[in-house]
Amino acid sequence: MQDRFIRSITQLPTPLADALIPMLHQNFAGHIDAQQLATLTSASKMTEAEVLLALLPIAAALAKPPISEFYVGAIAKGKSGDIYMGANLELPGEALFHSVHAEQSAISHAWLSGESQIVDIIVNASPCGHCRQFMNELVEGSKICIHLPAQESHPLAYYLPYAFGPKDLNVTSPLMAKQQTEFALDSADPMIIEGLDHAGLSYAPYTQSFAAVVLETHDGATYCGRYAENAAFNPSMLPMQMALSNLARHNREFSDISRAVLIESSQGKISLVGATMDALHTVAAIELEHIVVDPV
């Protein structure tokens, strides 16, 4: 079991903890598939809803909050039945807009894993306005069920009435809906090829600034992030934020980063290079490779 879970595992009922410990192996990064979830539910003799709430301390153990020192975990359940943990991330000494909220982390985890819809969000406290707006961008966002400890569950529409969302800006394919942009770039570099794939899957209906970041560590592992825009603009999630959250979930240190690539569309109304460099230079003493590509 990874060291970061030693304290949080003690907060779980013993039968659940005993069933979960073998899953917390060295490569565990917060993903539990539907069959594993069924195993945990059966072994603990708890309902699925009780198990998911009980697992929140495990999700919170994924957090990196050097500024607030406040650890928040969230769990997103996909339409597939799999669950995806996420946690808050803060960059030391950097502007607060670079922070990633736990709900954003969990949702981006599911999106990067191929989920096309989130049906439930489990979190310790009522989502902040930023996260409510972020969730409202998703496929059937208003119907996502929010589960809180010792409270009745409600759909997002209960927490965000009279919501402003993609449809108000004539966007009919919301975040997580299957869509892909093709780019023209001939490269044999595996890292750039990976970045092109993720840039093509990014979500930028308001600026057309499709973009992705790929981080490589000293051992050759890569961690990606995609741009995810929002109808309210400010809750948009930058690809570097998503990539750093991805890296943190995998229990890697920022000092492990040896290479960073930003790929973005030449046709976008904005560029993410400035914000991306700011975040990168806060956590790693390396230069950003910036590649601008043309859509096909």
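All values reported here derive from a predicted model rather than from experimental measurement.

(A) Geometry of the sheet that holds strand 7 (residues 183-184). Spatial strand order, 7-11-10-8-9: five strands in an open sheet with mixed pairing. This sheet does not close on itself; its edge strands, each paired only once, are strand 7 and strand 9 (222-226). As paired elements, strand 8 (residues 211-217) and strand 10 (residues 257-265) share seven bridges and run antiparallel to each other. Each bridged residue has a counterpart across the sheet, and for V213 the counterpart in strand 10 is L262.

(B) Molecular detail of the packing of aromatic side chains. In total, this model carries three aromatic pairs according to the counting rule given. Considering the side-chain rings of F5 and F28, the 5.8 Å spacing of their centres and the 70° angle between planes classify their relative orientation as edge-to-face. Remark: F28 occurs in the loop between helix 2 (14-20) and strand 1 (31-32) and F5 occurs in the segment before helix 1 (6-9); sequence separation between them is 23 residues. Note on F5: relative accessible area 0%, which makes it buried. Taking the relative accessible area as the measure of exposure, F28 reaches 4% and is therefore buried. Where Y206 meets F233, the ring centres are 6.1 Å apart and the plane angle is 45°; that geometry is what we call tilted. Within this pair, whereas Y206 is found in the loop between helix 9 (190-201) and strand 8, its partner F233 is found in the loop between strand 9 and helix 10 (239-249), the two being separated by 27 residues in sequence. Taking relative accessible area as the criterion, Y206 reaches 12% and is therefore assigned buried. Take F233: its relative accessible area is 51%, and that puts it in the exposed class. Lying over the aromatic face of F254, K64 brings its terminal NZ or CZ to 5.8 Å of the ring centre. One cation-aromatic arrangement involves R226 over W111; the distance from NZ or CZ to the ring centre is 4.8 Å.

(C) The side chain of S236, seen in detail. Looking at where S236 falls in the secondary structure, it is placed in the loop between strand 9 and helix 10. Classification of S236 by relative accessible area gives buried; the value is 13%. A polar atom in the side chain of S236 sits 3.0 Å from the backbone nitrogen of N230. For S236, the contacting residues outside a window of four places in its chain are Y227, A228, E229, N230 and Q241.

(D) Spotlight on the UniProt feature "binding site: substrate" (unreviewed entry) in the protein. In the numbering used here, UniProt assigns the feature "binding site: substrate" (unreviewed entry) to N88, L89 and E90. Following the sequence through the fold, N88 ends up in the loop between strand 3 (83-87) and helix 6 (102-112). A relative accessible area of 8% places N88 in the buried class. Setting aside residues up to four positions removed in sequence, N88 forms contacts with A63, K64, P65, S68, F70, Y71, V72, V100, H101 and A102. Residue E90 is classed as buried on the basis of its relative accessible area of 10%.

(E) How the structure looks around the pairing of strand 10. The buried count for strand 10 comes to eight of nine residues, which makes it a mostly enclosed element. Sheet topology note: the strand 10/strand 11 (residues 288-295) ladder contains six bridges and is parallel. Its bridge partner being in strand 11, I263 is matched across the sheet by I291.

(F) Summary view of the pairing of strand 4 (residues 118-123). Most of strand 4 sits inside the fold, with five of its six residues counted as buried. Summarising the sheet, strand 2 (residues 73-78) and strand 4 pair through five bridges and their orientation is antiparallel. Residue pairing for strand 4: I75 is matched across the bridge by I122. Relative to strand 5 (residues 145-147), strand 4 is paired through three bridges, and the arrangement is parallel. From the neighbouring strand, I122 faces strand 5, where its bridge partner is H147. Remark: the strand 4/helix 7 (residues 129-136)/strand 5 crossover connection has right-handed handedness.

(G) Focus on unusual backbone geometry. Phi at E69 is positive, roughly 55°, even though this residue is not glycine. Take E69: it is sitting in the loop between helix 5 (56-60) and strand 2. Judged by its relative accessible area of 62%, E69 is exposed. In this structure, A150 is a non-glycine residue whose phi angle is positive, near 55°. Along the chain, the position of A150 falls in the loop between strand 5 and strand 6 (154-155).

(H) View of the sheet that holds strand 1. Pairing is mixed across the open sheet formed by six strands, whose spatial order is 1-3-2-4-5-6. In this open sheet, the two edge strands, each paired with only one partner strand, are strand 1 and strand 6.

Cut-offs and rules
- Residues numbered from 1 in each chain as written.
- Predicted model: local features only at pLDDT ≥ 70, side-chain atom pairs only at ≥ 80, totals over all residues.
- Heavy atoms only, no water.
- Pairing = 2+ DSSP bridges.
- Helix = DSSP H or I, 4+ residues; strand = E, 2+ residues; numbered from the N terminus.
- Phe/Tyr/Trp six-rings, centres within 6.5 Å; stacked < 30°, edge-to-face > 60°.
- Buried < 20%, exposed > 50% of the residue type's maximum accessible area, 1.4 Å probe, protein only.
- Lys NZ or Arg CZ within 6 Å of the ring centre and 35° of its normal.
- Polar contact = N/O pair within 3.5 Å; in protein donor to acceptor, adjacent residues only side chain to side chain.
- Contact = heavy atoms within 4.5 Å.
- UniProt positions renumbered as here; feature names shortened; annotations may be inferred.
- Right-handed = clockwise from strand over helix to strand, strands pointing away.

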